[in-house]
Amino acid sequence: MKHKIFTLGLLMVSMTIFSQNTEKDKINNVLDSWHMAAANADFEAYFEKMTKDGVFLGTDATENWQNEEFRSFSKPYFDKGKAWSFTAVERNIYVDESENFAWFDELLDTQMKICRGSGVLQKVNGQWKIAHYVLSIAVPNENVDELVQIKQAKDDELLQELKKKQ
């Protein structure tokens, strides 16, 4: 009897691990094909991988794009046949117990050198979709002071505008 319980328990744990790996594989495929769609300037393939209310946060502090705004911003780049090219070189994926939400972080090889992407995916009608994506430029700690100097004037101006809105 103990042997049967142990075997059943082992089977259930294996199924859970296999299921999560399968979901992580699906998520990896979505993210890789999303980046590939941008590199190939395939507008429809790119945006079909996002939820209808998806959000893209770009590297500029003013870039908080809701889906329709991001489509409008991006369309001219895709129409010219050259959007952007990001290739994941490292990625961590986490899936919730219900397997309806996942979050991730990734290091990317880009034209801006190493960037970090992170985000949230939601399962919509059985398909993983990107609901929220954040792109940031990775800055080595020893270069932060130099970067702060470069962006200080623009940041001070933007901070004043944002504080007026509060």
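Here is a short report on the structure shown in this document.

Rules and cut-offs
Residues numbered from 1 in each chain as written. Predicted model: local features only at pLDDT ≥ 70, side-chain atom pairs only at ≥ 80, totals over all residues. Heavy atoms only, no water. Helix = DSSP H or I, 4+ residues; strand = E, 2+ residues; numbered from the N terminus. Buried < 20%, exposed > 50% of the residue type's maximum accessible area, 1.4 Å probe, protein only. Contact = heavy atoms within 4.5 Å. Core = buried A, V, L, I, M, F, W, Y, C linked by side-chain atoms within 4.5 Å. Pairing = 2+ DSSP bridges. Expected span 1.5 Å × (residues − 1). Bend = angle between axes of the 7 residues up to and from the residue. Salt bridge = Lys/Arg side-chain N within 4 Å of Asp/Glu carboxyl O. Axes fitted to C-alpha atoms, helices over the stretch in contact; angles between N-to-C directions. Phe/Tyr/Trp six-rings, centres within 6.5 Å; stacked < 30°, edge-to-face > 60°.

1. Looking at the overall build of the protein
When helices and strands are tallied, the protein shows four helices and six strands. Reading the protein from its N terminus to its C terminus gives the helix and strand order α-α-β-β-α-β-β-β-β-α. Expressed as a percentage of its 166 residues, the buried residues of the protein come to 31%. If you take every contact in the protein between residues at least 6 apart in sequence, the share linking residues at least 24 apart comes to 45%.

2. Examining the nonpolar core
Generally speaking, soluble globular proteins have nonpolar side chains that are buried together. Within the largest apolar cluster, 30 residues are counted, with the highest numbers of intra-cluster contacts made by Tyr46 and Phe78. Breaking this core down by element, the ones donating at least two residues are helix 1 (2–39), helix 2 (43–47), strand 1 (50–57), helix 3 (67–79), strand 3 (87–95), strand 4 (101–110), strand 5 (113–124) and strand 6 (127–137). Of the residues forming this core, the biggest block, six residues, is contributed by helix 1. Setting aside residues no more than four positions away along its own chain, Phe78 makes contact with Ala37, Ala38, Ala41, Asp42, Phe43, Tyr46, Phe47, Ala83 and Trp84.

3. Overview of the pairing of strand 1
The element strand 1 is extensively covered by neighbouring structure, given that six of its eight residues are classed as buried. Taken together, the four bridges between strand 1 and strand 6 define a ladder with parallel strand orientation. Along strand 6, the bridge assignment pairs Val55 with His132. Examined bridge by bridge, strand 1 and strand 2 (residues 64–66) share three bridges and lie antiparallel to one another. Counted as the bridge partner of Leu57 is Asn64 from strand 2.

4. Quick look at the environment of Phe73
Along the polypeptide, Phe73 turns up in helix 3. Given a relative accessible area of 28%, Phe73 falls into the partly exposed group. Leave out the neighbours within four places in its chain, and Phe73 touches Glu63 and Trp65.

5. Observations concerning helix 3
Taking 1.5 Å per residue, 13 residues should reach 18 Å; helix 3 reaches 17 Å between its end C-alpha atoms and fits that length. The largest bend in helix 3 comes to about 35 degrees, at Phe73, with the proline Pro76 one to four residues further on. Regarding helix 3, the residues found buried are Asn67, Phe70, Ser74 and Phe78. Following helix 3 by one or two positions, Gly81 has its phi on the positive side, about 80 degrees.

6. A few points about the pattern of salt bridges
Here the structure, examined in full by the defined rule, presents eight salt bridges. With a closest N to O distance of 2.8 Å, Lys75 and Asp79 form a salt bridge. Separated by four residues within a single helix, Lys75 and Asp79 lie in helix 3, roughly one turn from each other. On the accessibility criterion, Lys75 (35% relative accessible area) is partly exposed.

7. Topic: the sheet that holds strand 6
Strand pairing in a sheet takes place through backbone hydrogen bonds and is either antiparallel or parallel in direction. Read from one edge of the open sheet, six strands run 2-1-6-5-4-3, paired in mixed fashion. On the outer flanks of this sheet lie strand 2 and strand 3, each paired with one strand and no other. Neighbouring strand axes in the sheet, compared pairwise and without regard to direction, differ in orientation by 15 degrees on average.

8. Description of the packing of aromatic side chains
Inspection of the entire model under this criterion finds 21 aromatic pairs. Here Trp34 and Tyr133 contribute two aromatic rings whose centre-to-centre distance is 4.8 Å and whose plane-to-plane angle is 70 degrees, an arrangement assigned as edge-to-face. With Trp34 in helix 1 and Tyr133 in strand 6, the pair connects residues that are 99 residues apart, well separated along the chain. We note that Trp34, like Tyr133, is buried.

All we've got here are geometric facts, nothing functional implied.
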